[in-house]
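Inside the fold
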Amino acid sequence: MVTYDALRQAVIGGDEKEVEAQVNKALSEGADAQDILKNGLIAGMEVVGQRFRAGEMFLPEVLLSAEVMHKGLDIINPLLAKTGHKGQGKVIMGTVEGDIHDIGKRIVSFLLEGTGFEVVDLGVDVKADAFVEAVEKHNPDVLGMSALLTTTMPNMGKTIELLKEKGLRKKLKVIIGGAPTSDAFAKSIGADGYAPEAGSAVELVKKLLAS
Ligand code: B1M
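Read on for a plain summary of the structure. Bear in mind the structure is a predicted one, so any value in this text is a computation, not a measurement. (Residues numbered from 1 in each chain as written. Predicted model: local features only at pLDDT ≥ 70, side-chain atom pairs only at ≥ 80, totals over all residues. Heavy atoms only, no water.)

What to know about unusual backbone geometry
- One non-glycine residue, Asp-125, adopts positive backbone phi at about 55°.
- Tracing the sequence through the fold places Asp-125 in the loop between strand 2 (118-121) and helix 6 (128-138).
- Positive phi, close to 50°, is recorded for Asn-139, a residue that is not glycine.
- Relative to the helices and strands, Asn-139 resides in the loop between helix 6 and strand 3 (142-146). (Helix = DSSP H or I, 4+ residues; strand = E, 2+ residues; numbered from the N terminus.)

Things to note about the layout of surface pockets
- Of the volumes computed, that of the largest pocket is approximately 1400 Å³.
- Mapped onto the lining of the largest pocket, the elements with two or more residues apiece are helix 3 (33-53), helix 4 (59-83), helix 5 (103-114), strand 3, strand 4 (173-177) and helix 9 (198-210).
- Take the lining of the largest pocket: its biggest share by element is 12 residues, from helix 3.
- Residue classes in the lining of the largest pocket are distributed as 25 nonpolar, 13 polar and eight charged. (1 Å grid on protein atoms, 1.4 Å probe; cavity = no way out; pocket = protein on both sides within 12 Å on 5 of 7 lines; lining within 4 Å. Points joined across faces, edges and corners; volume = space filled by probe spheres on them. Nonpolar A, V, L, I, M, F, W, Y, C, P; charged D, E, K, R; others polar.)

Observations regarding the site of the ligand
- Within the structure, the ligand sits among 28 residues, and Ile-100, His-101, Asp-102, Ser-146 and Thr-150 are positioned closest to it.
- Between the ligand and Ser-146, the relevant distance is 2.8 Å, taken from a nitrogen atom to a side-chain nitrogen or oxygen of the residue.
- Applying the majority rule of atoms within 2 Å of the grid points places the ligand in the largest pocket.
- No other element matches the four residues that helix 5 contributes to the shell around the ligand.
- Along the lines of polarity and charge, the residues of the shell around the ligand split into 17 nonpolar, eight polar and three charged. (Near = heavy atom within 4 Å. Polar contact = N/O pair within 3.5 Å; in protein donor to acceptor, adjacent residues only side chain to side chain. Sits in = over half its atoms within 2 Å of the grid points.)

Quick word on the coordination of the cobalt atom of the ligand
- If you check the protein contacts of the cobalt atom of the ligand, you find one donor only, His-101 (NE2), at 2.2 Å.
- Here His-101 is to be found in the loop between strand 1 (90-95) and helix 5. (Donors = N, O, S within 2.8 Å, 3.2 Å for Na, K, Ca; no water.)

Notes on the nonpolar core
- Ranked by internal contacts, the top residues of the largest apolar core, which has 43 residues, are Leu-7, Val-19, Ile-36, Leu-37, Leu-41, Ile-76 and Leu-112.
- When residues no more than four places from it in sequence are discounted, the contact partners of Val-19 are Leu-7, Ala-10, Val-11, Leu-41, Val-68 and Gly-72.
- Among the nonpolar cores identified, the runner-up in size contains 25 residues, and Val-96, Val-135, Leu-143 and Phe-185 belong to it. (Core = buried A, V, L, I, M, F, W, Y, C linked by side-chain atoms within 4.5 Å. Buried < 20%, exposed > 50% of the residue type's maximum accessible area, 1.4 Å probe, protein only. Contact = heavy atoms within 4.5 Å.)

Section: the packing of helix 1 (residues 5-13) against helix 2 (residues 16-28)
- Where helix 1 contacts helix 2, the two axes come as close as 8 Å, and the packing angle between them is 155°. As far as their axial angle goes, helix 2 and helix 1 are roughly antiparallel. You can see that helix 1 and helix 2 cross each other, and the crossing is left-handed. Between helix 1 and helix 2, the contacting residues are Ala-6, Leu-7, Ala-10 and Val-11 on the first element and Glu-18, Val-19, Gln-22 and Val-23 on the second.
- Looking at the contact of helix 1 with helix 2 residue by residue, the classes come out as six nonpolar, one polar and one charged. (Axes fitted to C-alpha atoms, helices over the stretch in contact; angles between N-to-C directions. Parallel < 35°, antiparallel > 145°, perpendicular 65-115°, else oblique. Left-handed = near helix turned anticlockwise from the far one by under 90°.)

Description of helix 2
- For helix 2, which comprises 13 residues, the first-to-last C-alpha distance of 18 Å matches the rise-based estimate of 18 Å (1.5 Å per residue) to within 8%.
- Looking at the residues trailing helix 2, positive phi occurs at Gly-30, about 90°. (Expected span 1.5 Å × (residues − 1).)

Pasting the structure below:
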C-alpha cells in the first residue's frame, strides 16, 4: 500500500524536489492520482493551514508550501483529467474584483477537476462583467466566487445582480467561499450555496446539480 507521509512532510516543508520525487514515486507504485491529491498534497496543505492558524508557521512558509503543492499538482493534473469522469458539469471559478488571494480558490478548482468537473479558472481580481462575459461564453452549470477580504465580499453580490440584469441568473447555480464569507452572507446576496472548505465545495456542487 502506498503511504503519503513523506509527501505530506515535503509539502509542509516546502521541498519542491522532494514533492516531485514523492509524487513520481507514488505514481510508479501504482497510486491513483486522486488519492495522491487527497491524501498527500491536500492533506499536507491542511496541516500547513492548521499550523498557520496556530502561529506555528508564517506567511512565507505557507506560500512556499502552496507553490510546491502546485508543482505536485502539475504532475498529476493530466492524469486527473483522464481519470476524472469528465462530463460531471462545467464550473467557472474566480476570485472577485480587488482580491488577489488565490490559494484556496485553486485548491477548490483542482479538487473539482479531480472529481471530474471541467473548470474554467478566471484567476484573481475578476470584475463582475468579466464573470458575466465568461458565463455567456462558456455556459457553465455553476459559477464559483472566492473572496478573502471583507472589503471585496460585496463584489460577489454585484456579480449576481449583473447576472440577473442580463437574464442569466436562472441558467446556473452560484456558490461562494473564502474565509470571511458564510452561509448567511450567501443567502443575503442570493447565492445558491456556501462552502467553508474545498471538500465541502465539491459536495455542494454535486448536491446543487443533482437537485
Ligand atoms: Co492576505 N489577508 N492580504 N495575503 N492573507 C488575509 C485574508 C487576512 C485574513 C490576514 C489577516 O489580516 N489576518 C487579511 C484579511 C482581513 C479581512 O479582510 N478581514 C488579509 C489582508 C488584509 C491582505 C492585504 C490587504 C494585506 C496588505 O497588503 N495590507 C493584501 C490584499 C491583497 C489583495 O487581495 N488586494 C493581502 C495579500 C496577501 C498575499 C498576496 C501576501 C497572500 C496571497 C497569496 C495568494 O493567494 N497567491 C496573502 C495570504 C496568503 C493571506 C493568508 C495569510 C492566507 C490565505 C490563504 O491562502 N489561506 C490570510 C490569513 C488567513 O487566512 N489566516 C490572509 C489558505 C487557503 C487554503 O485557505 O483561502 O481560506 P482559504 O481557502 C479555503 C476556504 O476558504 C475555502 O476552501 C479553501 C480550501 O479549503 N474556499 C472556498 C476558498 N475559496 C472558496 C470558494 C468556494 C468554496 C470554498 O466556492 C466558490
